[in-house]
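Read off the chains here:
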Amino acid sequence: MADNVKPRVRVPRQASAGETITIKTLISHPMESGQRKDSDGNVIPRSIINRFVVDFNGENVIDFALDPAISTNPFFEFESVVPESGTFTFTWYDDDGSVYTDEKEIAVS
Amino acid sequence: MTRKAFVMPMLTVAAAMAAAPALADETADLVVNGEIEMVTRTAAPAHVDGLNEVISGWVFRSDETQDLQTDDFDNPGMIFVDQARDDFETAMGTEGQSCADCHESPEELAGVRATYPKWDEERGLVQTVEMQVNECVTERMGAEPLKYDGGDMTNMVALISSVSRGMPVDVAIEGPAQSVWEQGRDLYYTRTGQLELSCASCHEDNYGNMIRADHLSQGHINGFPAYRLKNAKLNSVHARFKGCVRDTRAETYAPGSEEFVALELYLASRGNGLSVEGPSVRN
C-alpha cells in the first residue's frame, strides 16, 4: 500500500436549493507511473489511484478514470448542483485494491 | 483579495502564453486563506547595501503559481505540513516522547521561524530550525537525528514555519552572531564555480531579469521550505543553496555545514521585514 495516503475534501457547509457549488478534492498519493526505473535499472511497479467517484445521496455526480500520466497528489475541482440537504461521498480506488473514502454533509436551505 | 481577475477565452490565453513567458502580476497582494496578509515588498534593512526594496520571491512567479499559495487547500506544500503534524504527535526514541509532550501543539512554536537562525548561548553557535529540531530529537527524545535536508526534517520545518506565517522575519545579526553573519555575507558576494557567479550576480544585480526561461527573484528565504512544482515536494533552504552553487558549476558545501548556516543567517537577515511565507509555492 502506498504510504501517507490521505484524502481531503472541501465542500461548502451550506447552500441554497439548486445552487451550483464548487468542490475541491485532493488525495496525497505518489502516483508511480510504472514507467520509471530505480538506480539498479529495475522498473518501479505502477501504483496509482485509477478511479475516483463522487456520489450525492446515492446518486452519481462524477466518475473519473485516472491514468498513469497524472502527477502525484491528484487534485480535482469541479462543480455540482445541490437540490437538497444530504451527503457527498468521495471514493478513491488504488491499484493495490485499497479504497479510500471521505464524506461531507451539506445543508440546503 | 485585490488580485486582478483576467477573463479571457482559453484560446487567447494559450496564444498569449506561447508568445511571451508568463510574467507575474507584480502589483498583486498576497493574502492567504483570506486572513493572513503577507508583506511581499518592503524597504530594505539598513545592513543591505545592494537593494533599496526587498521583494518576496512570490512576486516574481506567474499568476497561476501565485494563486496556489493563497489558499491552504490549493497549496500542495500543506500536504507535507499535515504529515509533519502527524509526526509531531508520534513518540520516538528511547525516551518514548513526542514533540507534543513538551510543546503541546505546533501553534505553540509560533514566532520561531521568524527569528531563526539564532545564536544559541549554551552551545556557542548559530542554530537553524533544523539544528534545533535535531537537538530535541537526539537529546530529549533519545532518537537518531533526522537527515538535515531529508523529507521528514523539511516537513517538520514547514510545520514550524506554517504557524509563523504572516509574522515579519526578524533575525538578529548583532552581538555574538555577528562574525557568522559576516562569514555569510562574504559567501554571498564570493564568485564560485566555472561560471564565476556569486549569489549577488543573479539575485542582487539581475533580479527581475530572465535567466533563460527563469524570472530571477531576489533570492529571499522567507518562503522556505518551498514547494516546487518541478519536483513536487518541499525543498529546504540548504537544498536550494546546494542547487544554486551547483549551477555555478562549483563543488557545493554540504547541507547543514557551517558555511550554509552562515549563508542562511545572512540571507534571512536580508529579508528582515518580509513575512514568513513557508511553505510557499514556487516553480
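Residues numbered from 1 in each chain as written. Chains lettered and ligands numbered in written order. Predicted model: local features only at pLDDT ≥ 70, side-chain atom pairs only at ≥ 80, totals over all residues. Heavy atoms only, no water.

Caption draft 1: Summary view of the interface of chain B and chain A. At the interface, 10 residues of chain B touch 12 residues of chain A. Note on chain B versus chain A: buried area summed over both sides is about 950 Å², and carbon and sulfur give 54% of it. Counting across the chain B and chain A interface gives three salt bridges. Among the salt bridges present, the one from A:Arg8 reaches B:Asp82, with a minimum N-O distance of 2.4 Å. Inspection of the chain B/chain A interface yields three residue pairs in polar contact (both at pLDDT 80 or more). Here the side of chain B that touches chain A is composed, by residue class, of five nonpolar, one polar and four charged. (Contact = heavy atoms within 4.5 Å. Buried area = accessible area lost by both parts, 1.4 Å probe. Salt bridge = Lys/Arg side-chain N within 4 Å of Asp/Glu carboxyl O. Polar contact = N/O pair within 3.5 Å; in protein donor to acceptor, adjacent residues only side chain to side chain. Nonpolar A, V, L, I, M, F, W, Y, C, P; charged D, E, K, R; others polar.)

Caption draft 2: View of helix α10 (residues 237–247) of chain B. All names here are of chain B. Every buried residue of α10 is listed here: Val237, His238, Phe241, Gly243 and Val245. Against β10 (233–235) and α11 (258–270) lie the buried residues of α10. Downstream of α10 by a residue or two, Arg249 has a phi angle that is positive, lying close to 65 degrees. (Buried < 20%, exposed > 50% of the residue type's maximum accessible area, 1.4 Å probe, protein only. Helix = DSSP H or I, 4+ residues; strand = E, 2+ residues; numbered from the N terminus.)

Caption draft 3: Structural detail: the confidence of the model for chain B. All names here are of chain B. In this model, chain B carries an average pLDDT of 89, and 91% of its residues clear a pLDDT of 70 or more. Within chain B, the lowest mean pLDDT, 42, falls on helix α1 (residues 10–19), and the highest, 96, falls on α11. Low pLDDT, under 50, characterises residues 4–20; the stretch is placed with five contacts to residues that sit more than four places away or in other chains. This complex was scored by the predictor with a pTM of 0.85 and an ipTM of 0.78. (pLDDT = per-residue confidence, 0-100.)

Caption draft 4: View of the side chain of A:His29. Residues and elements named next belong to chain A. You can see His29 is positioned in the loop between β3 (19–28) and β4 (49–56). Among the polar contacts listed, one links the side chain of His29 to the backbone nitrogen of Met31, at a separation of 3.0 Å. A polar side-chain atom of His29 sits 2.8 Å from a polar atom in the side chain of Asp94.

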